[in-house]
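The residues making up each chain are set out below.
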Amino acid sequence: MPLLQLIYASRPFGFDAGTLLDILFKARATNAAADVTGCLICRDDLYLQLLEGPAENVQRIYDKITHDDRHVEVTQLVNKPVSERMFGAWAMRDDPVQTWMWTRAEVDCGAVNSASEDDVLQIFRRLAAQPQENS
């Protein structure tokens, strides 16, 4: 069955550790029930999330995100069919990616909106190749 891979970026509203844990807990439960996997990069200046799974389920989850008041400036960056999952073992992997991704200044200057589809995918490919500790 073809899968949909969708990546979006947003700015967090009211970011703190409690909010992040709530998002991750709910995302993992919702995604597992919907056969959706992915990865969420969380920083206090940026959410960057990859969702993958059956197209209808991915789109439904993304639509909920666009109406979630914890996200502002939600921008879809990638939306394409794929034959296999990048994060198949993860209902929702999380990672702050603070050391090698865009800096806060680059995000503020529009790096997310000017990134190519391949630039964005490369961030997640790099994460998928790395083991995550304490998960």
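Further up the page is the structure itself.
These numbers come from a predicted model, not from an experiment.

Chemist: Which residues make up the sheet that holds strand β2 (residues 37-43), and what are the values?
Modeler: Strand order in this open sheet of five strands is β4-β1-β3-β2-β5, and the pairing throughout is mixed. A single partner strand is all that each edge strand has here, and the edge strands are β4 (71-82) and β5 (93-95). Adjacent strand axes in the sheet meet at a mean angle of 15 degrees, parallel and antiparallel pairs treated alike. Where strand β1 (residues 3-12) and strand β3 (residues 46-53) come together, seven bridges link them in antiparallel fashion. Looking at β3, one finds that Ile7 is bridged to Leu50. Contacts from helix α2 (residues 55-66) reach β1, β3 and β4, with the element oriented near 160 degrees to β3.

Chemist: So what's going on with the nonpolar core? Which residues, and what values?
Modeler: Counting residues in each nonpolar core, the largest one holds 21 residues, and the members touching the most others are Ile7, Leu48, Leu77, Trp102, Val120 and Phe124. For this core, the elements supplying multiple residues, two or more each, are β1, β2, β3, β4, α4 (111-114) and α5 (117-128). Examining the composition of this core, we find that five residues originate from one element, α5, more than from any other. Residues contacting Trp102, with those up to four places away along its chain left out, are Arg43, Leu46, Leu48, Val107, Ala111, Val112, Ala115, Val120 and Ile123. Formed by 18 residues, the second largest nonpolar core is a distinct cluster that contains Leu4, Ile23, Cys42 and Ile61.

Chemist: Go over the environment of Lys64 with me, naming the residues and quoting the values.
Modeler: Relative to the elements of secondary structure, Lys64 occurs in helix α2. Look at Lys64 and you get exposed, because its relative accessible area is 56%. Linking Lys64 and Asn79, residues 15 residues apart in sequence, is a C-alpha distance of 16 Å.

About the cut-offs
- Residues numbered from 1 in each chain as written.
- Predicted model: local features only at pLDDT ≥ 70, side-chain atom pairs only at ≥ 80, totals over all residues.
- Heavy atoms only, no water.
- Pairing = 2+ DSSP bridges.
- Helix = DSSP H or I, 4+ residues; strand = E, 2+ residues; numbered from the N terminus.
- Axes fitted to C-alpha atoms, helices over the stretch in contact; angles between N-to-C directions.
- Contact = heavy atoms within 4.5 Å.
- Core = buried A, V, L, I, M, F, W, Y, C linked by side-chain atoms within 4.5 Å.
- Buried < 20%, exposed > 50% of the residue type's maximum accessible area, 1.4 Å probe, protein only.

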